Amino acid sequence: AITNVSLQFAFLYWIGKWVVEPSVMSVQVDYADFHTRMFGLDGQLDVDAFSISDLRERLCGFVMTEYKFIFAVLFLWMGACFVEWRKTTRMARTFCSLPALPSGLKTTEMVIERSEDEKLLVCLTPFYRGVIVILVIIPKASIVIFLGIFGLTWLTATESFSDLILNSLALAFVVDIDELIFEAFLPEVLKENLSTFKISCQEEEDPDRANRKIIAGYARSWRAFVICLGVVVIWLQFQWVVPGYLWDVRGACEKCKANNVHSLCWPWDAECFPIGQ
């Protein structure tokens, strides 16, 4: 657990320092140059200068030029973070719902062995419950929060639409470090033992309470959906990648595109590439 948490926090630090920060700096410099070099004293865009500028290729690929696309990608990224968040909160509820070990019993009696293929954790001492919360629950929740923030920042600072999808997939690597360590470095005997280990969940006998738990589950799902939408809306409104962003790059790119004499060649256009012209 300590190795896993240390690696995940280390990767978060490295991603923030060597990936997120340089990306944000790059797009801020380009946007500053765009306002400084591409506009005249009258505040009007010099379309001809922007068309031949090296800024055009970079800024016209800036993901903040397409609100709907970046909104959809960030929403899916927040959804991926909420998957891990809900796993963590579900784990926390499960461990916290276990009863305390009755006084006078040994800690070995926290686990009941029903058969060779099934071992049940039925209770916990305060010490072990605290260890699980400190070493597992809190680190996993913190990693999800920081990764969500870093992901929103890095994806918003992406200056290429194709890189946007690849970057979102790369960020998920940090979340999967624990599974990678488990599959790569733990012996098969331990894996088999862990596969037989289960947490005892008391079945709800009261139908009314069971129905309330079902309704609460649906409510949590809808709440997660609304929170994801809200976070993305608020982020795009108050993001810190380009503070005070005026959403003016798209208009400049569209003006340059309108002046472009070249157009997309369709498969049925046999005269698209004439020789000597």
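Residues numbered from 1 in each chain as written. Predicted model: local features only at pLDDT ≥ 70, side-chain atom pairs only at ≥ 80, totals over all residues. Heavy atoms only, no water.

**Q** Help me understand the sheet that holds strand 2 (residues 118-121) in this model?
**A** Strand order in this open sheet of 3 strands is 1-2-3, and the pairing throughout is mixed. The open sheet has two free edges, formed respectively by strand 1 (111-115) and strand 3 (197-199), since each of these has just one partner strand. Taken pair by pair, the neighbouring strands of this sheet meet at an average axis angle of 30°, ignoring direction. Sheet topology note: the strand 1/strand 2 ladder contains 4 bridges and is antiparallel. The residue bridging Glu 113 from the neighbouring strand is Lys 119, located in strand 2. (Pairing = 2+ DSSP bridges. Helix = DSSP H or I, 4+ residues; strand = E, 2+ residues; numbered from the N terminus. Axes fitted to C-alpha atoms, helices over the stretch in contact; angles between N-to-C directions.)

**Q** Is there a simple way to explain the packing of aromatic side chains in this structure?
**A** For any pair of aromatic rings, the description consists of the separation of the ring centres together with the inter-plane angle of the planes. If you walk through the whole model with that rule in mind, you get 15 aromatic pairs. When the centroid spacing of 5.1 Å and the interplanar angle of 55° are considered together, the rings of Tyr 31 and Tyr 245 count as tilted. Here Tyr 245 lies in the loop between helix 9 (207-238) and helix 10 (249-258) and Tyr 31 lies in helix 1 (residues 2-37), a separation of 214 residues in the sequence. Residue Tyr 31 shares its accessibility class with Tyr 245, and that shared class is buried. The rings of Tyr 31, Phe 34, Phe 39, Phe 50, Phe 62, Tyr 67, Phe 71, Tyr 245 and Trp 247 are connected pair by pair, giving a single aromatic cluster. (Phe/Tyr/Trp six-rings, centres within 6.5 Å; stacked < 30°, edge-to-face > 60°. Buried < 20%, exposed > 50% of the residue type's maximum accessible area, 1.4 Å probe, protein only.)

**Q** Is there a simple way to explain the state of the cysteines in this structure?
**A** One way to say it: the disulfide is the covalent bond shared by the sulfur atoms of two cysteines. Taken as a whole, this structure holds 1 disulfide when the rule is applied. Between the sulfur atoms of Cys 60 and its disulfide mate Cys 253 the distance is 2.0 Å. As the torsion about the S-S bond is roughly -105°, the Cys 60-Cys 253 disulfide counts as left-handed. You can see Cys 60 sitting in the loop between helix 3 (54-59) and helix 4 (67-97) and its partner Cys 253 sitting in helix 10, a full 193 residues away along the chain. Not part of a disulfide, Cys 81 finds its nearest cysteine sulfur in Cys 228, a span of 8.3 Å. The class for Cys 81 is buried, based on a relative accessible area of 6%. (Disulfide = S-S within 2.5 Å.)

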